[in-house]
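# Structural overview
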Amino acid sequence: MKQATYGLLLFVFMILPPVANLLESIMIIHMHMQMPLLLASGLLMARFFQMKFPGFFEKWNRNGVPGILLFIIIWSYWMIPRSMDEAITVQLVEVFKFISLPFLAGIPLRDSWMKLGKAGRNIIYIFFVIMFGLMALLYIGADSQICNNYLEVEQKTLGWGSLAMAAFLLIYVLQLLFIDQSEFE
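Just so you know, these numbers come straight off a predicted model, no measurement behind them. (Residues numbered from 1 in each chain as written. Predicted model: local features only at pLDDT ≥ 70, side-chain atom pairs only at ≥ 80, totals over all residues. Heavy atoms only, no water.)

Relative to the assigned elements, serine 41 resides in helix α3 (residues 27-52). Those residues in contact with serine 41 that lie beyond four places of it in its chain are Gly7, Leu10, Phe11 and Pro102. (Helix = DSSP H or I, 4+ residues; strand = E, 2+ residues; numbered from the N terminus. Contact = heavy atoms within 4.5 Å.)

Turning our eyes to something else, we now look at the environment of isoleucine 29. Along the chain, isoleucine 29 turns up in helix α3. When its relative accessible area of 26% is taken as the criterion, isoleucine 29 is described as partly exposed. Along the primary structure isoleucine 29 and isoleucine 68 are separated by 39 residues, whereas in three dimensions their C-alpha atoms are 25 Å apart. Apart from residues no more than four positions distant in its own chain, isoleucine 29 is found in contact with Leu23 and Gln34. (Buried < 20%, exposed > 50% of the residue type's maximum accessible area, 1.4 Å probe, protein only.)

Applying the stated criterion across every chain, the model contains 14 aromatic pairs. Through successive ring pairs, a cluster of aromatic residues spans Phe71, Trp75, Phe127, Phe128 and Phe132. Sitting over the face of the ring of phenylalanine 98, lysine 97 holds its NZ or CZ atom 5.1 Å from the ring centroid. (Phe/Tyr/Trp six-rings, centres within 6.5 Å; stacked < 30°, edge-to-face > 60°. Lys NZ or Arg CZ within 6 Å of the ring centre and 35° of its normal.)

Turning to the environment of isoleucine 146, a few remarks are in order. Within the element layout of this structure, isoleucine 146 appears in the loop between α7 (91-141) and α8 (152-178). Isoleucine 146 sits in the partly exposed class, given a relative accessible area of 26%. As a C-alpha pair, isoleucine 146 and phenylalanine 127 span 19 residues in sequence and 23 Å in three-dimensional space.

The next thing to look at is the nonpolar core. Membership of the largest hydrophobic core comes to 41 residues, with the highest contact counts inside it found for Phe71, Trp75, Met79, Phe128 and Tyr139. When residues of this core are traced back to their parent elements, those giving at least two are α1 (2-15), α2 (17-24), α3, α5 (65-79), α6 (81-89), α7 and α8. The leading source of residues in this core is α7, at 14 residues. The residues contacting phenylalanine 71, other than those within four sequence positions of it, are Leu39, Leu104, Ala105, Leu109 and Phe128. (Core = buried A, V, L, I, M, F, W, Y, C linked by side-chain atoms within 4.5 Å.)

With that settled, the discussion passes to a nonpolar patch on the surface. The grouping of Leu170, Leu174, Leu177, Phe178, Ile179 and Phe184 at the surface amounts to a nonpolar patch, some 650 Å² of accessible area in total. Tracing the backbone shows isoleucine 179 in the segment after α8. When its relative accessible area of 40% is taken as the criterion, isoleucine 179 is described as partly exposed. (Patch = residues over 30% accessible without salt bridge, like charges linked within 9 Å, V, L, I, M, F, W, Y side chains within 5 Å. Areas by Shrake-Rupley, 256 points an atom, 1.4 Å probe, with all protein chains shown as cover. Salt bridge = Lys/Arg side-chain N within 4 Å of Asp/Glu carboxyl O.)

This brings us to the pattern of salt bridges. Here the structure, examined in full by the defined rule, presents four salt bridges. In this structure, lysine 97 engages glutamate 24 in a salt bridge whose closest nitrogen and oxygen atoms are separated by 2.6 Å. Highlighted residues: lysine 97 in helix α7 and glutamate 24 in helix α2, separated in sequence by 73 residues. For the pair lysine 97 and glutamate 24, a shared accessibility class is recorded, and that class is buried. Residue glutamate 86 pairs with arginine 82 through a salt bridge whose shortest N-O separation is 2.9 Å. You can see glutamate 86 and its partner arginine 82 sitting in helix α6, four residues apart, about one turn around the helix. By relative accessible area, which is 59% here, arginine 82 ends up exposed.

Here you go:
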């Protein structure tokens, strides 16, 4: 239960107005730090919910596919530039961010990950390589300001950060494919 407590503490820390405002003030930190930390708080709290509602997860997410699809939908939504903009300007959208990332993305991700198997996890990795690559092209290649709340230079920085994420994930996927993992288990 320590994990769930740490997840809850992280979640409470992340929703504090000064912390949220600070993390949302810089675009790359908003997308590549605040959002993954909210997701991580859900990952940490997931075990509590799995133990509290085992029948729900067994019935709803038996093979891991529904949970991982929910995770992909929620995460993809928050990668859209307009969603990031509205999270800053519309209070209801910001509340949705703080609820959806930990509870609708983090918890289903943890419940689904081991149920998917190796092939399913590799597909998710490849999806993220493609998504981060496309986000990099969008933010780097844009000739004008996409997000109203961030400067164009911040968009370019986020684009290069997304490209780095795509490159690192691609290297990870390639090593998963070409290196025998049984040696390390």
